[in-house]
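Given next are the chains, with one letter for each unit.
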Amino acid sequence: MNLHLENTAIFLTGASSGIGAAAALAFAAEGADVVIGYGQNQAGAETTAEKVRALGRTAFPLSLNLADPASLPHALQSLPARFAQLDALALCAGENIVTPLAEISPAEWDHVMTVNLGGPFFLVQALLPYLKEGSSVTLVSSVASQTGNAQHIHYAAAKAGLNNLTKSLARALAPRVRVNCVAPGVTRTAMGMATVPADYPRKNLLVPRFAEPEEIAACIVFVASPLCGFMTGATLDVNGGRMLR
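A brief look at the structure comes next. (Residues numbered from 1 in each chain as written. Predicted model: local features only at pLDDT ≥ 70, side-chain atom pairs only at ≥ 80, totals over all residues. Heavy atoms only, no water.)

## Points about the overall build of the chain
Applied cut-off: Secondary structure counts use DSSP, requiring at least four H or I residues in a row for a helix and at least two E residues in a row for a strand, with both numbered from the N terminus. Two things to know: the radius of gyration comes from C-alpha atoms, and the globule rule equals 2.2 Å times the number of residues to the power 0.38. Burial status follows relative accessibility: with a 1.4 Å probe on protein chains alone, a residue under 20% of its type maximum counts as buried, one over 50% as exposed, and anything between as partly exposed. By definition in these notes, contact holds between two residues if any of their heavy atoms fall within 4.5 Å. Shrake-Rupley sampling with a 1.4 Å probe provides the accessible areas, and residues are treated as covered by the protein chains on show and by no other component.
The number of helices and strands found in the chain is 9 helices and 7 strands. Whereas a compact globule of 245 residues would reach a radius of gyration of roughly 18 Å, the chain reaches 17 Å, a difference of no more than 12%. Projected onto the principal axes, the alpha-carbon positions of the chain cover approximately 50 × 40 × 40 Å. Burial analysis of the chain (245 residues in total) assigns 51% to the buried set. Long-range pairs, those at least 24 residues apart, make up 74% of the contacts in the chain between residues at least 6 apart in sequence. On the chain, roughly 10,900 Å² of surface is accessible, and the fraction owed to carbon and sulfur atoms is 57%.

## Focus: helix α4 (residues 106-127)
Heads up, the condition is: Multiply 1.5 Å by the residue count of a helix minus one, and that product is the helix's expected span. Note that the bend at a residue is defined as the angle between axes fitted to the seven residues ending at it and the seven residues starting at it.
The end-to-end C-alpha distance of α4, which contains 22 residues, comes to 29 Å, matching closely the 32 Å that a straight helix rising 1.5 Å per residue would cover. At Thr114, α4 is deflected by roughly 50°, the largest bend along its length. Buried within α4 we find Glu108, Val112, Met113, Val115, Asn116, Gly118, Gly119, Pro120, Leu123, Val124, Ala126 and Leu127. Each element contacted by the buried residues of α4 is listed here: β1 (9-13), α3 (72-76), β4 (86-91), β5 (131-140) and α6 (153-173).

## Some remarks on the packing of helix α1 (residues 18-29) against helix α2 (residues 42-54)
Selection rule: Here an axis means a line fitted to C-alpha atoms, over the contact stretch when the element is a helix, while the angle between two N-to-C directions is reported on a 0 to 180 degree scale. Angular relationships are summarised with four words: roughly parallel below 35 degrees, roughly antiparallel beyond 145, roughly perpendicular across 65 to 115, and oblique for the angles in between. Two helices crossing with the near one rotated counterclockwise from the far one by less than a right angle form a left-handed crossing, whereas a clockwise rotation gives a right-handed crossing. For this classification, Asp, Glu, Lys and Arg are treated as charged, while Ala, Val, Leu, Ile, Met, Phe, Trp, Tyr, Cys and Pro are nonpolar and the rest, including Gly, are polar.
Where α1 meets α2, the closest approach of the two axes is 9 Å, and the angle between their N-to-C directions is 15°. Taken together, the axes of α1 and α2 are roughly parallel relative to one another. When the axes of α1 and α2 are compared, the crossing they make is right-handed. When α1 is examined against α2, the residues Ala21, Ala24, Leu25 and Ala28 are found in contact with a partner set consisting of Thr48, Lys51 and Val52. Among the residues making up the contact of α1 with α2, the classes are represented as 5 nonpolar, 1 polar and 1 charged.

## Here's the deal with the nonpolar core
Here is the rule we go by: Nonpolar cores are built from buried Ala, Val, Leu, Ile, Met, Phe, Trp, Tyr and Cys residues. Side-chain atoms within 4.5 Å join them into one set.
Membership of the largest hydrophobic core comes to 33 residues, with the highest contact counts inside it found for Leu12, Phe27, Ile36, Cys92, Val182, Ile216 and Ile220. Those elements giving two or more residues to this core turn out to be β1, α1, β2 (33-38), α2, β4 and α9 (213-224). Per element, the largest residue contribution to this core is 7 residues, and it comes from α9. Counting 31 residues, the second largest nonpolar core, distinct from the first, contains Val35, Phe83, Leu139 and Leu169.

Written out as C-alpha coordinates, the structure is:
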(Lines give C-alpha, C1' and ligand atoms only; values in the text may rest on other atoms or scores of the structure.)
Protein backbone atom coordinates (compact mmCIF):
# COMPACT_ATOMS: atom_id res chain seq x y z
CA MET A 1 0.00 0.00 0.00
CA ASN A 2 1.25 3.46 -0.90
CA LEU A 3 0.88 5.67 2.17
CA HIS A 4 1.93 8.81 0.25
CA LEU A 5 4.92 9.46 2.49
CA GLU A 6 7.56 9.75 -0.23
CA ASN A 7 10.11 12.51 0.52
CA THR A 8 8.38 13.52 3.73
CA ALA A 9 10.16 14.65 6.90
CA ILE A 10 9.27 12.74 10.07
CA PHE A 11 10.28 13.42 13.69
CA LEU A 12 10.31 10.43 16.06
CA THR A 13 11.02 10.06 19.75
CA GLY A 14 12.07 6.79 21.35
CA ALA A 15 13.62 5.72 18.07
CA SER A 16 16.73 4.05 19.49
CA SER A 17 14.92 0.77 20.22
CA GLY A 18 11.59 -1.01 20.40
CA ILE A 19 8.49 0.45 18.80
CA GLY A 20 10.18 3.76 17.96
CA ALA A 21 13.04 2.10 16.09
CA ALA A 22 10.58 -0.10 14.20
CA ALA A 23 8.54 3.00 13.31
CA ALA A 24 11.64 4.79 12.01
CA LEU A 25 12.34 1.91 9.63
CA ALA A 26 8.69 1.67 8.59
CA PHE A 27 8.58 5.39 7.76
CA ALA A 28 11.87 5.10 5.84
CA ALA A 29 10.54 2.12 3.89
CA GLU A 30 7.68 4.37 2.76
CA GLY A 31 10.18 6.96 1.50
CA ALA A 32 10.45 9.31 4.49
CA ASP A 33 13.49 11.01 6.02
CA VAL A 34 13.60 10.64 9.79
CA VAL A 35 14.79 12.45 12.91
CA ILE A 36 15.88 9.68 15.30
CA GLY A 37 15.03 11.17 18.69
CA TYR A 38 16.59 9.29 21.60
CA GLY A 39 17.27 9.62 25.31
CA GLN A 40 20.29 7.78 26.71
CA ASN A 41 20.73 5.05 24.09
CA GLN A 42 22.97 6.79 21.59
CA ALA A 43 24.35 3.51 20.24
CA GLY A 44 20.84 2.30 19.52
CA ALA A 45 19.98 5.57 17.79
CA GLU A 46 23.05 5.29 15.57
CA THR A 47 22.08 1.71 14.68
CA THR A 48 18.58 2.84 13.73
CA ALA A 49 20.04 5.70 11.68
CA GLU A 50 22.32 3.30 9.79
CA LYS A 51 19.36 1.10 8.91
CA VAL A 52 17.36 4.11 7.70
CA ARG A 53 20.28 5.21 5.51
CA ALA A 54 20.56 1.69 4.13
CA LEU A 55 17.04 2.21 2.81
CA GLY A 56 18.26 5.28 0.95
CA ARG A 57 16.77 7.86 3.28
CA THR A 58 18.20 10.64 5.47
CA ALA A 59 18.48 10.02 9.22
CA PHE A 60 19.45 12.53 11.89
CA PRO A 61 19.97 11.24 15.45
CA LEU A 62 18.93 13.86 18.01
CA SER A 63 19.46 13.64 21.77
CA LEU A 64 16.35 14.65 23.75
CA ASN A 65 15.76 14.68 27.49
CA LEU A 66 12.00 14.38 28.01
CA ALA A 67 12.59 14.39 31.76
CA ASP A 68 13.78 18.02 31.39
CA PRO A 69 11.19 19.78 29.21
CA ALA A 70 12.98 23.11 29.52
CA SER A 71 15.90 21.62 27.55
CA LEU A 72 13.83 20.70 24.51
CA PRO A 73 13.80 24.04 22.60
CA HIS A 74 17.60 24.18 22.84
CA ALA A 75 17.93 20.60 21.55
CA LEU A 76 15.85 21.45 18.49
CA GLN A 77 18.30 24.17 17.44
CA SER A 78 20.61 21.51 16.02
CA LEU A 79 18.03 20.22 13.54
CA PRO A 80 19.29 20.52 9.95
CA ALA A 81 17.34 22.50 7.37
CA ARG A 82 15.88 19.29 5.92
CA PHE A 83 13.70 19.02 9.02
CA ALA A 84 12.68 22.65 9.37
CA GLN A 85 9.21 21.70 8.11
CA LEU A 86 7.81 18.41 9.38
CA ASP A 87 5.12 16.26 7.81
CA ALA A 88 4.61 14.13 10.91
CA LEU A 89 5.64 13.81 14.53
CA ALA A 90 5.38 10.45 16.31
CA LEU A 91 6.01 10.36 20.06
CA CYS A 92 7.07 6.78 20.83
CA ALA A 93 9.31 7.40 23.85
CA GLY A 94 8.19 6.21 27.27
CA GLU A 95 9.45 4.86 30.56
CA ASN A 96 7.75 2.33 32.79
CA ILE A 97 8.88 1.63 36.35
CA VAL A 98 7.19 -1.31 38.09
CA THR A 99 6.67 -0.20 41.69
CA PRO A 100 3.91 -1.18 44.16
CA LEU A 101 1.56 1.59 45.26
CA ALA A 102 3.00 2.00 48.75
CA GLU A 103 6.55 2.34 47.44
CA ILE A 104 6.08 5.07 44.81
CA SER A 105 7.96 8.15 45.98
CA PRO A 106 7.07 11.72 44.98
CA ALA A 107 10.29 11.88 42.94
CA GLU A 108 9.47 8.68 41.05
CA TRP A 109 5.90 9.84 40.43
CA ASP A 110 7.11 13.17 39.05
CA HIS A 111 9.73 11.49 36.85
CA VAL A 112 7.32 8.99 35.30
CA MET A 113 4.67 11.65 34.73
CA THR A 114 7.16 14.04 33.15
CA VAL A 115 8.74 11.52 30.79
CA ASN A 116 5.43 10.02 29.65
CA LEU A 117 3.09 13.04 29.69
CA GLY A 118 4.79 16.35 30.38
CA GLY A 119 7.72 15.74 28.03
CA PRO A 120 5.51 14.86 25.04
CA PHE A 121 3.34 17.92 25.64
CA PHE A 122 6.27 20.31 25.81
CA LEU A 123 7.93 18.72 22.77
CA VAL A 124 4.77 19.23 20.73
CA GLN A 125 4.69 22.80 21.98
CA ALA A 126 8.32 23.37 20.99
CA LEU A 127 7.77 21.82 17.56
CA LEU A 128 4.71 23.87 16.64
CA PRO A 129 6.70 26.15 14.30
CA TYR A 130 8.07 23.06 12.52
CA LEU A 131 4.73 21.37 11.81
CA LYS A 132 3.50 21.97 8.28
CA GLU A 133 -0.05 22.67 7.23
CA GLY A 134 -1.65 19.24 6.87
CA SER A 135 0.88 17.50 9.10
CA SER A 136 0.06 14.99 11.82
CA VAL A 137 1.02 14.23 15.41
CA THR A 138 0.75 10.67 16.73
CA LEU A 139 1.06 9.98 20.45
CA VAL A 140 1.77 6.46 21.72
CA SER A 141 -0.18 5.51 24.81
CA SER A 142 -0.79 2.04 26.30
CA VAL A 143 -3.60 -0.39 27.03
CA ALA A 144 -2.74 0.33 30.69
CA SER A 145 -4.27 3.77 30.15
CA GLN A 146 -7.65 2.06 29.82
CA THR A 147 -7.36 -0.90 32.19
CA GLY A 148 -5.23 0.67 34.93
CA ASN A 149 -2.41 -1.30 36.55
CA ALA A 150 -1.71 -1.84 40.22
CA GLN A 151 2.04 -2.32 39.70
CA HIS A 152 2.74 0.88 37.77
CA ILE A 153 -0.02 3.27 38.69
CA HIS A 154 1.97 6.35 37.69
CA TYR A 155 2.70 4.96 34.21
CA ALA A 156 -0.94 4.02 33.61
CA ALA A 157 -2.10 7.44 34.80
CA ALA A 158 0.39 9.25 32.56
CA LYS A 159 -0.68 7.21 29.55
CA ALA A 160 -4.33 7.94 30.31
CA GLY A 161 -3.32 11.58 30.24
CA LEU A 162 -1.92 11.07 26.75
CA ASN A 163 -5.31 9.79 25.57
CA ASN A 164 -6.96 13.02 26.71
CA LEU A 165 -4.03 15.15 25.55
CA THR A 166 -4.70 13.72 22.09
CA LYS A 167 -8.24 15.10 22.13
CA SER A 168 -7.18 18.47 23.50
CA LEU A 169 -4.34 18.90 21.01
CA ALA A 170 -6.62 17.84 18.16
CA ARG A 171 -9.00 20.65 19.10
CA ALA A 172 -6.21 23.17 19.65
CA LEU A 173 -4.39 22.45 16.38
CA ALA A 174 -7.37 21.91 14.05
CA PRO A 175 -7.63 22.23 11.16
CA ARG A 176 -3.94 22.73 10.44
CA VAL A 177 -2.60 19.59 12.18
CA ARG A 178 -4.25 16.23 12.88
CA VAL A 179 -3.54 14.59 16.25
CA ASN A 180 -4.17 10.92 17.04
CA CYS A 181 -3.01 8.26 19.46
CA VAL A 182 -2.05 4.58 19.18
CA ALA A 183 -2.54 2.52 22.37
CA PRO A 184 -0.56 -0.74 22.15
CA GLY A 185 -0.90 -3.81 24.29
CA VAL A 186 2.16 -5.53 25.71
CA THR A 187 4.79 -5.61 22.99
CA ARG A 188 7.89 -7.73 22.62
CA THR A 189 10.34 -5.03 23.68
CA ALA A 190 12.71 -4.85 26.63
CA MET A 191 10.29 -2.61 28.51
CA GLY A 192 7.25 -4.69 27.65
CA MET A 193 8.78 -8.00 28.63
CA ALA A 194 9.85 -6.57 32.00
CA THR A 195 6.28 -5.77 33.03
CA VAL A 196 4.34 -9.04 32.66
CA PRO A 197 4.85 -12.80 33.16
CA ALA A 198 5.39 -15.12 30.20
CA ASP A 199 1.86 -16.54 30.40
CA TYR A 200 0.22 -13.10 30.20
CA PRO A 201 -1.02 -13.49 26.59
CA ARG A 202 -2.60 -16.89 27.20
CA LYS A 203 -4.48 -15.63 30.25
CA ASN A 204 -5.51 -12.16 29.06
CA LEU A 205 -5.60 -11.79 25.27
CA LEU A 206 -7.98 -12.86 22.52
CA VAL A 207 -4.92 -12.98 20.27
CA PRO A 208 -2.79 -15.08 22.66
CA ARG A 209 0.67 -13.70 21.98
CA PHE A 210 2.72 -10.54 22.49
CA ALA A 211 2.66 -7.86 19.81
CA GLU A 212 5.78 -7.41 17.71
CA PRO A 213 7.22 -3.88 17.52
CA GLU A 214 6.75 -3.89 13.75
CA GLU A 215 3.01 -4.47 14.14
CA ILE A 216 2.59 -1.43 16.36
CA ALA A 217 4.91 0.60 14.12
CA ALA A 218 2.75 -0.20 11.08
CA CYS A 219 -0.28 1.26 12.87
CA ILE A 220 1.66 4.38 13.86
CA VAL A 221 2.80 4.99 10.29
CA PHE A 222 -0.68 4.40 8.89
CA VAL A 223 -2.34 6.78 11.37
CA ALA A 224 0.32 9.42 10.66
CA SER A 225 -0.06 9.13 6.90
CA PRO A 226 -2.30 11.18 4.58
CA LEU A 227 -4.47 8.07 4.12
CA CYS A 228 -5.92 8.86 7.57
CA GLY A 229 -6.61 12.47 6.65
CA PHE A 230 -10.14 12.41 8.12
CA MET A 231 -9.01 10.94 11.45
CA THR A 232 -8.19 13.25 14.34
CA GLY A 233 -8.65 13.18 18.12
CA ALA A 234 -8.88 9.38 18.05
CA THR A 235 -7.14 6.64 20.01
CA LEU A 236 -6.52 3.43 18.06
CA ASP A 237 -6.44 0.30 20.23
CA VAL A 238 -3.90 -2.35 19.17
CA ASN A 239 -3.96 -4.67 22.14
CA GLY A 240 -4.82 -8.20 21.04
CA GLY A 241 -8.25 -7.95 22.64
CA ARG A 242 -7.03 -7.05 26.12
CA MET A 243 -9.45 -4.12 26.26
CA LEU A 244 -12.62 -3.90 24.15
CA ARG A 245 -14.59 -0.68 23.88
